[in-house]
Structure formats: C-alpha cells, structure tokens
Amino acid sequence: MLRVGLTGGLATGKSFVGAVLAELGCRVVQADELGHAVLEPGGEAYAPVVERFGGEIVDDDGRIERKRLAAIVFNDAGKLQLLNSLVHPAVVEREEAWMQQVEDADPSAIAVVEAAILIETSSYRRFHKLVLAVCSEAQQIERAMARDGAPREQVLERLRRQMPLQEKKKFADYVIDTSGTTDETIEQVRRLYESLRSENV
C-alpha cells in the first residue's frame, strides 16, 4: 500500500485535491476530522485538554466548544503548542490505525492523509510520498476570508504563523497549483493519481 501525505497552507485547496483523489479511487481521511473526534467526550484528548484549559471551554452538553478553545490559543504560541502536544499524538495514532485498516482491506490501495501541519511536525516522514497544494498568497487571503468569514487582518495573522509555501515545496514530491481554474486543478490531480498508481507496484 502507498502512504501519501497531502498538505498545504491556509486555503490552498488541499481538501479539494483530496476530494478529487477520493473520486479517482484513493482512500482519503482528513486529520481535522480525527482531531475533532479525539476532542469529543471520551476521546483520547478530551480530558487532558479540559484539565489544562479549564471548564470554560466546555458547553452545556459537556462538549469542548472549539471556537472558545481557538480563541484562547490563537494569539498565544505557547498555548497553541500545548494544545498541539495534547491533540497531535492522538490524531497520529488514529491515522496509523486507519492506514492499517485500509492496508488490511486492500494491500494495493493508495491511502491519503490530508493534514495541515505534516511538515512542521515532521509527520511527513511517515509517508512514502508528500503532495503539496499551493496557490498565490492573494488567493489564500481571498479564499480564507470568503470561507471563514474572517477579517483580513486575522487571515494575515494566521498566514504569518505558517511555514511559507516556498519552504514547504522543498519537502514535497508533488506540487498541485490550485491558482487556476477548477478544471486545471482537476487535470493536475488526475496526472498525480496516475503517477501515484505507477509508484504503487
């Protein structure tokens, strides 16, 4: 089985690339979804996060209110690092378990894990191939503002905290440029899929 990491920067279109890969036949999981799962009551990170960040992040149903948690860590690099240290190992465990399930079911599968910080956490080393979705910074800003309803300054602050895409390119085996039309991006992903299939022998 071929293990593929799919990453990018803020609003570079990695989820779209993942969706096209899934349509073409890859098995795809989003680390964000696993991150939400480990923060659910009973999830591996739930108790440690509530213990460290306090009961004010919990809503009336006993669930972690992710927006409240995000507000706490957004402007505090130390708290963000703490949160990642509590959540990330549990997410990696779930990714590994998922990939093992995929391999057990279909040894010839292409398993794709879509995650934002594969390079920053050195998680990319767990994969045979790394795919990077990129676009211009102007498009990142425009897309993030439209998608998240976030003010421009907040988007710029998030971008400043991320590893530059040019730096990430040094780690990537494949780069998908999503700055063109949807059809142009899909065509690039089709070529990527054919290349991955040829690697997976």
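Structure: above.
Not measured: the values here are computed from a predicted model. (Residues numbered from 1 in each chain as written. Predicted model: local features only at pLDDT ≥ 70, side-chain atom pairs only at ≥ 80, totals over all residues. Heavy atoms only, no water.)

A. Looking closely at the side chain of Thr7. Structurally, the position occupied by Thr7 is in strand 1 (residues 2–8). You can call Thr7 buried: its relative accessible area is 0%. At 2.8 Å, the side chain of Thr7 and the backbone oxygen of Ala115 are in polar contact. Those residues in contact with Thr7 that lie beyond four places of it in its chain are Lys14, Ala115, Ala116, Ile117, Leu118, Ile119, Leu130, Val131, Leu132, Ala133 and Lys168. (Helix = DSSP H or I, 4+ residues; strand = E, 2+ residues; numbered from the N terminus. Buried < 20%, exposed > 50% of the residue type's maximum accessible area, 1.4 Å probe, protein only. Polar contact = N/O pair within 3.5 Å; in protein donor to acceptor, adjacent residues only side chain to side chain. Contact = heavy atoms within 4.5 Å.)

B. Spotlight on the pairing of strand 1. Summarising burial for strand 1: 7 of the 7 residues are buried, a large majority. Neither face of strand 1 is open: one carries Leu2, Val4, Leu6 and Gly8, the other Arg3, Gly5 and Thr7, and all of them are buried. As paired strands, strand 1 and strand 3 (residues 110–114) are joined by 5 bridges and run parallel to one another. Within the sheet, the bridge partner assigned to Gly5 lies in strand 3 and is Val113. Inspection of the sheet shows strand 1 paired to strand 4 (residues 129–134) by 5 bridges, in the parallel sense. Across the sheet, the residue bridging to Leu6 is Val131, located in strand 4. (Pairing = 2+ DSSP bridges.)

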